[in-house]
Amino acid sequence: MNLVLSLGYLHHILYVDDETHEITYLALPDRINNGYFFKSYSDNEDSLTLKNFDFSENKAKSEDDFLIGTSLKFGDFKLKKVFEYNVIWNNGNEKNHKDSKKLVNNTEFKNIEFLQRDLTENFYFKLLLSKKKKENIKITGVNVYSKKNGKLVQTINNIKGYGFFAFNAIQIGDFDFDGNANDFLLADGETHAANVPQTYYIYDGLQNKFIDPNLEGYTIRFDSEKKIATSTKTCGNEFIDPTSITINKMYYFNENTKKYNYLDQYCIAYDNKKFFQKKCTKKERQDCEKAVVEVGDEP
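Because the structure is a prediction, the values reported are computed rather than measured.

1. Description of the overall build of the chain
Reasoning step 1: The helix and strand inventory of the chain stands at 2 helices and 22 strands.
Reasoning step 2: Of all 299 residues assigned to the chain, the portion counted as buried reaches 45%.
Reasoning step 3: Counting contacts in the chain only where the partners sit at least 6 residues apart, residues at least 24 apart contribute 41% of the total.
Reasoning step 4: Of the accessible surface of the chain, which amounts to about 17100 Å², a share of 48% is contributed by carbon and sulfur atoms.

If you want it as structure tokens, here you go:
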């Protein structure tokens, strides 16, 4: 099996079966004796125990370069660590925090594959991740694999420097309005938050590959009846700032060209002290267009 371990908030584990090419998701482990017991969160029933890893907080680095465990389906396994990326919060032990920061700064790798949880009927995905010293992890590409035979069928490498902030950066949906959820988006952050840059890829059955439909923006919403996608960018926080700006850009999907064409734009300015909204002035819109917004700022 090909196992991916993420020591994040929920201690996620993903793996793909080398024979069936199905993905199993496990999380929220229970501590049993000297190990951690994981239960399956997917249709493929399995349980897994890790025997030599410490999930304790404020631990700067694991003590072993190998991961030893047991799977109900596959038996005992021993996995070699490819890279370790651990960040200790400031409120933890000061020495461990410094050691962890040093570990992160000195870590570097190039085009490491990271399995994704979401998959289509025919394909599953692995991110390509790279990191330079003293920099954050970047998503440099996406490898697309066939669920039929597990073979690599496509590499997408035109990613625009998205950071690796979320365990599951790829999400599946119907973004060309053909009634099938066989397309995917790639997010530069948590997709439920505001101001998250997103880029989209749709599946072209004639070419048997994913193509770029010319759709990238902030937190995009879709109208299947009108075949319109709306990107929303928010400058300012209406719950904190007295004023804020929201720019909505609309795009229409052309079924013949399989591309999104720019349709219209509208900009709204809010004044919470006076409780009203109005159309943006030209300067307000231009300032928001140029502004660098933080991912997760509430609209």
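2. Points about the layout of surface pockets
Reasoning step 1: The volume enclosed by the second largest pocket comes to roughly 180 Å³.
Reasoning step 2: Forming the boundary of the second largest pocket are Tyr162, Asn195, Pro197, Glu216, Gly217, Tyr218, Ala291, Val292, Val293, Glu294 and Val295.
Reasoning step 3: If one sorts the elements of the lining of the second largest pocket by residue count, strand β17 (residues 216-218) sits on top with 3 residues.
Reasoning step 4: Residue classes in the lining of the second largest pocket are distributed as 7 nonpolar, 2 polar and 2 charged.

3. Things to note about the sheet that holds strand β22 (residues 276-279)
Reasoning step 1: Spatially, β18-β19-β20-β21-β22 is the arrangement adopted by the 5 strands of the open sheet, whose pairing is antiparallel. A single partner strand is all that each edge strand has here, and the edge strands are β18 (220-223) and β22. Within this sheet the neighbouring strands show an average axis-to-axis angle of 25°, counted without direction.
Reasoning step 2: Here 8 bridges tie strand β19 (residues 228-235) to strand β20 (residues 243-254), and the two strands are oriented antiparallel to one another. Its bridge partner being in β20, Ala229 is matched across the sheet by Tyr251.
Reasoning step 3: This element, helix α2 (residues 282-290), spans β19, β20, β21 (259-271) and β22 of the sheet and lies at about 75° to β20.

4. Describing the packing of aromatic side chains
Reasoning step 1: By the definition in use, this model includes 17 aromatic pairs.
Reasoning step 2: Here the aromatic cluster, defined as three or more aromatic residues joined through ring pairs, consists of Phe123, Phe125, Phe184, Tyr201, Tyr203 and Phe210.
Reasoning step 3: Directly above the ring of Tyr145 sits Lys126, whose terminal nitrogen or CZ lies 4.9 Å from the centroid.

5. So, the nonpolar core
When a protein is soluble and globular, its nonpolar side chains tend to lie buried together.
Reasoning step 1: In terms of nonpolar packing, the biggest core is built from 31 residues, with Leu127, Ile139, Val142, Leu186 and Phe210 touching the most fellow members.
Reasoning step 2: Mapped onto this core, the elements with two or more residues apiece are β2 (12-16), β3 (23-32), β8 (109-115), β9 (123-131), β10 (138-146), β14 (183-187) and β15 (197-204).
Reasoning step 3: Leu186 has contacts with Leu127, Ile139, Val142, Ile159, Tyr162, Ala169, Ile170, Pro197, Gln198 and Thr199, leaving out every residue within four places of it along the chain.
Reasoning step 4: Among the nonpolar cores identified, the runner-up in size contains 15 residues, and Ala193, Val196, Tyr200 and Tyr260 belong to it.

6. What to know about the pattern of salt bridges
Reasoning step 1: In total, this model carries 6 salt bridges according to the counting rule given.
Reasoning step 2: The partner of Glu284 in a salt bridge is Lys278, with the nearest N and O atoms 3.1 Å apart.
Reasoning step 3: A residue is classified by how much of its surface remains accessible, and Lys278, at 33% relative accessible area, is partly exposed.

7. Re helix α1 (residues 94-106)
In an α-helix, one full turn covers 3.6 residues, which means residues spaced three or four apart are oriented alike.
Reasoning step 1: For α1, with 13 residues, the first-to-last C-alpha span of 18 Å sits near the 18 Å given by 1.5 Å per residue.
Reasoning step 2: The set of residues buried in α1 consists of His97, Ser100, Leu103 and Val104. Summarising the axial view, the buried residues of α1 lie within an arc of 125°, below the 170-degree limit, and thus occupy one face. Summarising the geometry of α1, the exposed residues directed more than 90 degrees from the buried face are Glu94, Lys95, Lys98 and Lys102.

8. Brief notes about the state of the cysteines
Reasoning step 1: Following the criterion strictly, the structure yields 2 disulfides and no others.
Reasoning step 2: Between the sulfur of Cys235 and that of Cys288 lies a disulfide, 2.1 Å long from S to S. Disulfide Cys235-Cys288: torsion about the S-S bond near 90°, hence right-handed. Taken together, the residues Cys235 in strand β19 and Cys288 in helix α2 connect sequence positions 53 residues apart. Residues Cys235 and Cys288 agree in their burial class; the two are buried.
Reasoning step 3: Between the sulfur of Cys267 and that of Cys280 lies a disulfide, 2.0 Å long from S to S.

About the cut-offs
Residues numbered from 1 in each chain as written. Predicted model: local features only at pLDDT ≥ 70, side-chain atom pairs only at ≥ 80, totals over all residues. Heavy atoms only, no water. Helix = DSSP H or I, 4+ residues; strand = E, 2+ residues; numbered from the N terminus. Buried < 20%, exposed > 50% of the residue type's maximum accessible area, 1.4 Å probe, protein only. Contact = heavy atoms within 4.5 Å. Areas by Shrake-Rupley, 256 points an atom, 1.4 Å probe, with all protein chains shown as cover. 1 Å grid on protein atoms, 1.4 Å probe; cavity = no way out; pocket = protein on both sides within 12 Å on 5 of 7 lines; lining within 4 Å. Points joined across faces, edges and corners; volume = space filled by probe spheres on them. Nonpolar A, V, L, I, M, F, W, Y, C, P; charged D, E, K, R; others polar. Pairing = 2+ DSSP bridges. Axes fitted to C-alpha atoms, helices over the stretch in contact; angles between N-to-C directions. Phe/Tyr/Trp six-rings, centres within 6.5 Å; stacked < 30°, edge-to-face > 60°. Lys NZ or Arg CZ within 6 Å of the ring centre and 35° of its normal. Core = buried A, V, L, I, M, F, W, Y, C linked by side-chain atoms within 4.5 Å. Salt bridge = Lys/Arg side-chain N within 4 Å of Asp/Glu carboxyl O. Expected span 1.5 Å × (residues − 1). Arc of directions from axis to C-beta. Disulfide = S-S within 2.5 Å.

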